Structures are given as C-alpha cells and as structure tokens.
Amino acid sequence: MINAVDLHKVYQLKGREVVALRGVSLHVPQGEIYGVVGPSGAGKSTLLRCINLLERPDRGEIWVDGRNLTALPPPQLRAARRGIGMIHQHFALLSSRTVAGNVAFPLEIAGVPRAERRRRVAELLELVGLADKAAAYPAQLSGGQKQRVGIARALAPRPTVLLSDEATSALDPATTASILDLLRDLNRELGLTILLITHEMDVVKRICDAVAIMDRGSVVETGRTVDLLRTPGSLLARSLFAPPPVSGDGVVTLTWVDQAEEPLISQLTRLFDVDVSILGGALEEVAGHAVGRLTVRITGERSAEALTYLTDRNVLVEEVP
Ligand SMILES: Nc1ncnc2c1ncn2[C@@H]1O[C@H](COP(=O)(O)OP(=O)(O)OP(=O)(O)O)[C@@H](O)[C@H]1O
C-alpha cells in the first residue's frame with residue numbers, strides 16, 4: 001500500500017549539510033498499523049513529510065496505492081494526496097470554525113455540495129464519538145476531543161491511508177489510550193492503512209502490527225512487532241521491556257509470545273531440578289499478543305538441558321553477558 005524506496009534527504013542549514021534520510025525504504029501492507037519510532041532527530045518527521053510529498057526527497061520513490069507519487073505531475077499529485085489523510089500532534093484545527101466546520105473544510109475545498117457535506121460531517125462525527133459537539137468550538141474541547149475532530153477531518157475525503165505525526169504526544173495516558181483504540185477501530189472497520197510516527201513505545205505496544213526503528217536517518221530494525229520480539233538482540237524488545245538490572249553467569253533473558261498459560265518455570269524446576277531466580281521482567285500485551293520477557297538466573301547441574309527445553313518450546317533464550 002505504501003512503498004518508500006531508498007529515500008534520501010539532505011537539508012542545508014547555515015551552510016552546513018544535515019542528512020535527514022540516508023536511504024530509507026519501508027513497505028506498509030494494506031490494512032496495517034505501522035509505527036516508525038526512534039530518538040529525536042532520527043528523521044521520522046522528514047520521512048512522513050516525504051511520504052505525502054509535503055517535502056520532496058532528493059532521491060527515491062514513494063508509491064501509495066500502486067501509484068508512484070514522486071513521478072506524478074502537480075494536478076494528479078494533488079488528487080492522489082486526497083487519498084492520504086494526516087493528523088498532527090497539535091491538532092491544527094481552525095479556531096474560528098465549529099467542530100462541524102472544521103470537519104467540513106476539506107469537503108468544501110473539494111467542492112462537495114452542501115447537502116452531501118452535512119450528511120458526511122454528521123456521519124464522521126458519529127464515527128469518532130463527537131455527534132453532540134458539532135456546534136462547539138475547538139477552544140471548548142479537551143485535547144482528546146480535538147484529536148477526534150482532527151481524525152474526522154482527515155477521514156472526510158475517504159482516504160485509504162492515514163499518516164499520524166505524533167498524534168498522541170500532547171495527550172495524557174488515558175486519553176492516548178482512547179485515541180489509539182479509536183485508530184485501531186477505524187483501521188479494522190474501514191480497512192484504513194495507518195502509518196504513524198511516535199517516540200512513545202506505549203503506542204507501539206498498543207496498536208502497531210509492524211515497526212521500523214530509525215536512528216540517524218536510517219532504518220535500523222524493521223519487521224512485524226511480534227516477530228521482532230522473538231528475534232535475538234532485538235532493539236524493539238529492549239525498548240519495550242526495561243533491560244535487565246543484572247548480568248553474569250547463568251543469567252538469561254527469556255521471551256515468549258502467546259504462551260502465558262504454560263507453566264514453563266515450574267516445569268523447569270520439576271523436570272531438571274534447577275533453581276530459577278526471577279531478576280526482572282514483565283508480562284505485557286503487545287499488539288494484541290501476550291508477551292512475557294523475564295530475566296532469570298538458572299543454576300543447577302542440568303541448567304543447559306533446561307535452556308534447551310525452553311528453546312524447544314519456542315521460548316527465545318538470550319544470554320545476558
Ligand atoms: N527544515 C529543516 N531544515 C534543516 N534541517 C532539518 C529540517 N527538518 C529537519 N531537519 C534536520 O533533519 C534531521 C531529522 O529531523 P526530523 O525532524 O525528521 O527527526 P525526528 O526523528 O522527527 O525528530 P523529532 O522526534 O525530534 O521530531 C534532524 O537533524 C533535523 O535537525
């Protein structure tokens with residue numbers, strides 16, 4: 001659905017070159033929620049702006065819905081952009097317009113007739129749970145409600161893709177959760193493909209089917225969220241779960257997905273007569289999967305056998321040096 005191919009972008013800043021993207025490629029399949037994470041300055045915003053061509057990459061191609069946006073002449077590009085909605089950290093609402101007026105705005109620009117506009121706005125406000133706020137002004141809304149208006153406005157032209165630029169970064173945790181749940185519902189109900197950039201790992205944890213981790217202009221890790229958690233040395237796993245507070249002989253990190261019901265640790269002690277000390281870790285729901293990551297110290301003559309037993313049961317065993 002979205003294919004970014006080998007994007008390069010360099011900015012000139014006070015006579016100096018700042019490389020924002022150094023050959024970034026990513027593929028977001030139709031109907032996925034795809035998160036791009038990374039530290040400040042990694043190039044996330046630049047990537048997002050390049051994907052809807054608010055900014056032109058110096059090199060590389062952007063394909064959305066089977067069309068090469070980078071090759072389209074301006075009129076066709078404007079039309080193609082209507083298929084890409086965008087929501088922002090600070091909502092970008094028009095303060096002089098009501099909620100309904102804000103949602104209607106892109107429809108007015110597209111020349112949608114008045115009666116149809118009214119119908120569509122009512123439908124959108126219903127969709128985002130703001131049917132009773134049509135006549136309110138942005139200043140009368142909470143942050144979460146403002147973002148709901150932003151989402152309704154972005155969806156007005158019936159885009160197939162929604163880009164989210166830190167859409168929950170200005171919201172408290174409970175409101176963040178409700179906006180992420182709304183995005184997940186829209187993704188499921190409308191088949192909407194969502195590409196979001198965020199610095200909040202909780203966003204990834206809650207809704208991202210797949211992830212790209214960026215650092216200094218490059219993608220350094222990418223894949224489906226649960227697959228990455230099962231990959232040795234995964235940066236994502238280290239970011240989602242606090243690194244172990246200890247290391248040393250016999251200390252290992254165990255990661256498992258969707259096996260919460262299996263009494264793995266008690267089996268170990270019973271079958272192999274080993275001692276298992278739990279040193280840290282957590283059980284979390286990640287992208288709809290139950291993920292466990294524990295750092296343990298296993299001691300006893302048969303500890304190597306115990307670790308093989310875990311590996312055979314699909315548990316990722318990583319030594320903590
Ligand atoms: N318009 C610009 N002019 C000059 N340099 C820029 C411009 N936009 C971004 N940069 C630089 O490009 C690099 C990548 O910036 P970008 O904003 O894409 O990163 P980011 O991962 O989104 O960071 P943040 O989370 O802080 O927004 C940074 O070094 C930044 O200073």
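Just so you know, the residues in each chain are numbered from 1, in the order the chain's sequence is written. Local features in this predicted model are restricted to residues whose pLDDT is 70 or higher, and side-chain atom pairs enter the listing and the counts only when it is 80 or higher, whereas totals over whole chains, interfaces and linings include all residues. To obtain the side-chain values, all non-hydrogen atoms of the structure were included, while hydrogens and water were left out.

So the rule is basically this: UniProt positions are given in the numbering used here, feature names are shortened, and annotations may be inferred rather than shown by experiment.
As annotated in UniProt, the protein chain is Methionine import ATP-binding protein MetN from Thermobifida fusca. According to the UniProt record, the Subunit comment for the protein chain reads "The complex is composed of two ATP-binding proteins (MetN), two transmembrane proteins (MetI) and a solute-binding protein (MetQ)." Annotation of the protein chain in UniProt includes, under Subcellular location, the sentence "Cell membrane".

1. Side note on the sheet that holds strand β9 (residues 210–215)
Defined as follows: Here a strand pair is declared whenever DSSP counts at least two bridges between the two strands. Counting from the N terminus, the helices are DSSP H or I runs at least four residues long and the strands are E runs at least two residues long. Axes here mean lines fitted to C-alpha atoms, for a helix over just the part in contact, with angles spanning 0 to 180 degrees between N-to-C directions.
Taking strand neighbours across the sheet as the criterion, the six strands line up as β6-β7-β8-β3-β9-β10 in an open arrangement whose pairing is mixed. Of all the strands in the sheet, the pair left with one neighbour each is β6 (84–88) and β10 (218–224). Strand-to-strand twist in this sheet, taken as the mean axis angle between neighbours without regard to direction, amounts to 15°. Here strand β3 (residues 33–37) runs beside β9; their pairing, made up of four bridges, is parallel. Bridge assignment links valine 37 to a residue of β9, and that residue is isoleucine 213.

2. Side note on the environment of leucine 310
Using the following cut-off: What makes two residues a contact is simply this: any of their non-hydrogen atoms within 4.5 Å.
Positionally, leucine 310 belongs in helix α11 (residues 303–312). Distance in space between the C-alpha atoms of leucine 310 and glutamine 267 is 9.8 Å, their sequence separation being 43 residues. Excluding its chain neighbours within four sequence positions, the residues that come into contact with leucine 310 are Leu254, Leu264, Leu268, Val315 and Val317.

3. Things to note about the side chain of arginine 293
Along the polypeptide, arginine 293 turns up in strand β13 (residues 289–299). Apart from residues no more than four positions distant in its own chain, arginine 293 is found in contact with Ala237, Arg238, Phe241, Thr253, Leu254, Thr255, Gly280, Gly281, Ala282 and Glu318.

4. A word on the confidence of the model for the protein chain
Where we set the bar: Per residue, pLDDT captures the predictor's confidence, and it can take any value from 0 to 100.
Here the protein chain averages 93 in pLDDT, and 100% of its residues register 70 or above. Of all secondary-structure elements in the protein chain, the lowest mean pLDDT belongs to helix α10 (residues 264–272), at 88, while β3 reaches the highest, 97. Prediction confidence for the complex, expressed as pTM and ipTM, is 0.91 and 0.94 respectively.

5. Topic: the nonpolar core
Across soluble globular proteins, you tend to see nonpolar side chains buried next to one another. Selection criterion: Grouping buried Ala, Val, Leu, Ile, Met, Phe, Trp, Tyr and Cys residues that are joined through side-chain atoms within 4.5 Å yields what is termed a nonpolar core. Relative accessible area decides the class of each residue, using a 1.4 Å probe on protein chains only: under 20% of the type maximum gives buried, over 50% gives exposed, and in between gives partly exposed. An automatic or database domain assignment supplies the residue ranges for each domain.
Counting residues in each nonpolar core, the largest one holds 52 residues, and the members touching the most others are Ile151, Leu183, Val211, Leu229 and Leu236. Formed jointly, this core draws a minimum of three residues from each of two domains, domain 1 (2–225) and domain 2 (241–319). Setting aside residues no more than four positions away along its own chain, isoleucine 151 makes contact with Ile87, Val128, Ile179, Leu182, Leu183 and Leu186. Judged by nonpolar contacts, the second largest core, of 31 residues, contains Leu21, Val24, Leu53 and Ala210.

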